[in-house]
Amino acid sequence: MTKRSDESAIWTILGYLLSGLLFWGGVGYFADRFFNTSYLTLVGILMGMGGGLYLVWLRFGR
Amino acid sequence: MRALLNLSAKGDEFVPPSSRDFVLPPIFEDIAFLTKPILFSFVAAILVGLFFSASARKAAVVPSKFQFAGELVYGFVRKDLGTEILGHEFRRFMPYLFTLFTFILTNNIFGIVPFIQFPTFSRISFAYVLGIIAFGVFHYVGLRKQGVKKYIKDIMFMPGVPKPVYILLTPIEIATYLVVRPLTLSLRLFANMFAGHLLLMIFFLGGEHLLQGAVAMKFVGVLSFGMGIALTFFEFLVQCLQAYIFTLLTALYIAGGLADEH
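Below you will find a few notes about this structure. This structure is a prediction, so every number in the text was calculated from the model and none was measured.

### Remarks on the overall build of chain A
Regarding its fold elements, chain A presents 2 helices and 0 strands. In terms of overall dimensions, chain A is more spread out than a globule: its C-alpha atoms have a radius of gyration of 15 Å, far above the 11 Å expected for 62 residues. In terms of its C-alpha atoms, chain A occupies a principal-axis envelope of roughly 50 × 20 × 10 Å. A burial count over chain A gives 29% of its 62 residues as buried. In chain A, once contacts between residues fewer than 6 apart in sequence are set aside, the share between residues at least 24 apart is 49%.

### Brief notes about the interface of chain A and chain B
By a frequent convention, interface size equals the accessible area lost on bringing the separate parts together. Taken residue by residue, the interface counts 18 residues in chain A and 19 residues in chain B. Where the side of chain A that touches chain B is concerned, the elements lending two or more residues are helix H1 (2–35) and helix H2 (40–61) of chain A. The greatest single-element share of the side of chain A that touches chain B, amounting to 11 residues, is contributed by H1(A). Its residues placed into classes, the side of chain A that touches chain B shows 10 nonpolar, 6 polar and 2 charged.

### Side note on the packing of H2(A) against helix H6 (residues 166–211) of chain B
Where H2(A) contacts H6(B), the axes come no closer than 9 Å and their chain directions differ by 80 degrees. With respect to their mutual orientation, H2(A) and H6(B) come out roughly perpendicular. Where H2(A) abuts H6(B), its residues Met47(A), Gly51(A), Gly52(A), Tyr54(A) and Leu55(A) lie against Leu168(B), Leu169(B), Ile172(B) and Glu173(B). Along the lines of polarity and charge, the residues of the contact of H2(A) with H6(B) split into 6 nonpolar, 2 polar and 1 charged.

Analysis parameters
- Residues numbered from 1 in each chain as written.
- Chains lettered and ligands numbered in written order.
- Predicted model: local features only at pLDDT ≥ 70, side-chain atom pairs only at ≥ 80, totals over all residues.
- Helix = DSSP H or I, 4+ residues; strand = E, 2+ residues; numbered from the N terminus.
- Rg over C-alpha atoms; globule rule 2.2 N^0.38 Å.
- Buried ≥ 20, exposed ≤ 12 C-beta atoms within 10 Å, placed from the backbone.
- Contact = placed C-beta atoms within 7 Å.
- Nonpolar A, V, L, I, M, F, W, Y, C, P; charged D, E, K, R; others polar.
- Axes fitted to C-alpha atoms, helices over the stretch in contact; angles between N-to-C directions.
- Parallel < 35°, antiparallel > 145°, perpendicular 65-115°, else oblique.

Okay, here's the thing in structure tokens:
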């Protein structure tokens, strides 16, 4: 059973990190195009990474 | 594989295989939709159906070899993916999981069966359809089991977080459940089949091209063929593993919907 739940954890973690990057990175990208700036994509990606990592910690770390 | 191996060379240039080689023409010119992957996805469905209904028909206490083979596969899915992950409710999902596993496995193994040699799921639409079906199943199960309100609340709000942080986290959770999970499910299967087929094409077509060169080249060509054969066995491993992991993750997602908290 432990092996199975490990496997599940791997893909859950990957999913969180990926969707964090995609969603907030995407928001940043479109905000950049809207405001004609160039740094909001980076901010979005960092936010998404942070959020994804935070979710992983909430789910598995505490 | 390209129909004729000679196609690997245009004049003296070697044309490496590319994604274009996955776009196959219709088998009969006047039936546009019937391409090789379409045909063999149907063949796989028929094969799986026939094999397992035949192996179960004359089910006896002392099984024939045929029945034994069928029960081996079923037992594997039942024990490894059914009871261990889904617990006592596994019986409801066995038809789906078992069909999923055997169908993907058969289609994948078509990639290394001589003269067929095309894994159906190296065309991405096939993988997308399976992803969409799995998506429908595990959300439906979760919604039925926990009720619409609780299920959505569980997905959107991770407990024990200060309220403002939900602005950051909730979109990520929604994206995970609605987009990333089914998408990665499909893409993992597709990418593995695509890359494996491309790899085999490179070694065999490249080997064939090298054999037409000078003596030293011929030697390398033989090596390339040897490598191709070794990789074929490796592909077999990958094909089994991908069928397994697709079914495993589907079962895990269903189990996640059945569980009280996600």
